[in-house]
Amino acid sequence: MQKTILHLDLDTFFVSVERKLDSRLKQRPILVGGLSDRGVVAACSYEARGYGIHSGMPMRMARELCPEAVVIRGNTATYSKHSDEVTAIIKEQTPLFEKASIDEFYADLSGMDRFFGCYRYATELRQRIIKETGLPISFGLSVNKVVSKVATGEAKPNNQLVVDSGYEKPFLAPLSIKKIPMVGDKTYQTLRNLGLRQVSTIQQMPMDVMQRVLGANGTVIWKRANGIDNRAVVPFCERKSISTERTFDRDTIDVHRLRGILTAMTENLSFQLRRGGKLTGCVAVRIRYSDFNTYSKQLRIPYTSADHKLIPMVQDLFKKLYGRRLLVRLIGVRFSHLVPGNHQIDLFDDQEEILNLYAAMDRMRERYGDKSVIRASGLGAHTIGRMHNPFNGDPPTLLAHRKQ
């Protein structure tokens, strides 16, 4: 049976939500992201893009390019709520869907042509989302994920496009190579140095040439340029790691403060592990100095989710890593090698009081929020916390760096 894959993307999602909440923002250049000079543009309106602004750009640069832009910090909970509304509609209307990010979805409509034309069905789904949520959304429809995603990009803003079976290569051929998913700035520059500008040039090249230039990624890019993509729509993808990091408004050398923030990070991540029924087997600490040099250290450990075991390990990694005595711009903690399970009692070190304390604190956090109970040493890390269980199957919410 021939595949029919639908790709849906909410147009400038964060901006659209802000305009839905405040109609005065319509037609105005909008920037969503960190408010300080260290902030990053998480999203921008089409009006702002006309000034050369794009997501990921430093907020200071964006403000210089468009001084009249309205700058909004953004709210994770608000965006998650509106995303959930769209998700509920798609879940009800499609037989199989994948939530790729907070504003991006895939749906497998294969076989539905026998009962109800796929394009017509996708059109009515899009119209229902717009009517019930008030948010603009675009879609692309084709035989696979990659062509549908590119088609959505070509359909924007607030439109739709279908690529009929057999027309994948002609559709992709005249487009810029930057339109191929997986071609970032560095890969794009590498390909441009080779004289490649349009997708059609890659289509005419032997696959082994791309492989020699870009390795395994070259093979994937060649296949995508030719409209070949066998990836299935996956309704749930198990997390392989969980992490958090903070970029400071002002670089700091206050070791006491850094250690307190690391403690708060570790404590919160440990709670997320227990809430999701997970254990970690690898801990990593990351530091970025004021000169933008970034270093990290990791340690394989016995599987655990206990604060009193993980915090000393994180602090020890920080002690070994922080050797330059320079101002610090960013710190982060990451747990990986995750497996299902609960904390195993250590017959020699663990006490019943500690285990009961964890259980009591976790119940309070579930009821009153992640930050309702924290260690005194982490009180200064007031922005650390999550809005939902990171292991509930939803992708992480992508926002500009939250500031400490």
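Draft legend 1. Quick peek at helix H4 (residues 76–93). In this model H4 runs 26 Å from its N-terminal to its C-terminal C-alpha over 18 residues, within 8% of the 26 Å that 1.5 Å per residue would give. Among all positions of H4, only Tyr79, Ser80, His82, Ser83, Val86, Thr87, Ile89 and Ile90 are buried. Against strand E1 (5–10), helix H1 (13–21), strand E2 (30–33), strand E5 (97–101), strand E6 (104–108) and helix H5 (118–133) lie the buried residues of H4.

Draft legend 2. Seen up close, a nonpolar patch on the surface. A contiguous nonpolar patch, built from Tyr51, Met61 and Leu65 and spanning about 260 Å² of accessible area, is present on the exposed surface. If you trace the backbone, methionine 61 turns up in helix H3 (residues 59–65). For methionine 61, a relative accessible area of 41% gives the class partly exposed.

Draft legend 3. Here's a closer look at the sheet that holds strand E4 (residues 70–72). The strand order E3-E2-E4 describes an open sheet built from three strands, whose pairing is mixed. Single-partner strands in this sheet number two, and they are strand E3 (41–44) and E4. Mean inter-strand twist for the sheet, computed between neighbouring axes without regard to direction, equals 25 degrees. Where E2 lies against E3, three bridges are found, and the strand directions are antiparallel. Pairing of glycine 33 across the sheet is with valine 41, part of E3. Across the sheet, H1 lies against E2, E3 and E4, angled at about 110 degrees from E2, the strand it touches most.

Draft legend 4. Local environment of the pairing of strand E7 (residues 137–142). The element E7 is largely enclosed, with a buried count of six among its six residues. By the alternation rule, side chains of E7 split into Ile137, Phe139 and Leu141 and Ser138, Gly140 and Ser142, which are all buried. Note that E1 and E7 share six bridges and pair antiparallel. Across the sheet, leucine 10 pairs through a bridge with isoleucine 137, a residue of E7. Direction of pairing for E7 relative to strand E8 (residues 160–162): parallel, over a ladder of three bridges. Directly across from leucine 141, in E8, lies its bridge partner valine 162.

Draft legend 5. Geometry of the packing of helix H8 (residues 185–193) against helix H10 (residues 207–214). At a closest axis distance of 11 Å, the pairing of H8 and H10 adopts a crossing angle of 120 degrees. Looking at the two axes, H8 sits oblique to H10. For the pair H8 and H10, the sense of crossing is right-handed. Contact residues: Thr187, Thr190 and Leu191 in H8; Met210, Val213 and Leu214 in H10. Among the residues making up the contact of H8 with H10, the classes are represented as four nonpolar, two polar and no charged.

Conventions and cut-offs
Residues numbered from 1 in each chain as written. Predicted model: local features only at pLDDT ≥ 70, side-chain atom pairs only at ≥ 80, totals over all residues. Heavy atoms only, no water. Helix = DSSP H or I, 4+ residues; strand = E, 2+ residues; numbered from the N terminus. Expected span 1.5 Å × (residues − 1). Buried < 20%, exposed > 50% of the residue type's maximum accessible area, 1.4 Å probe, protein only. Contact = heavy atoms within 4.5 Å. Patch = residues over 30% accessible without salt bridge, like charges linked within 9 Å, V, L, I, M, F, W, Y side chains within 5 Å. Areas by Shrake-Rupley, 256 points an atom, 1.4 Å probe, with all protein chains shown as cover. Salt bridge = Lys/Arg side-chain N within 4 Å of Asp/Glu carboxyl O. Pairing = 2+ DSSP bridges. Axes fitted to C-alpha atoms, helices over the stretch in contact; angles between N-to-C directions. Parallel < 35°, antiparallel > 145°, perpendicular 65-115°, else oblique. Left-handed = near helix turned anticlockwise from the far one by under 90°. Nonpolar A, V, L, I, M, F, W, Y, C, P; charged D, E, K, R; others polar.

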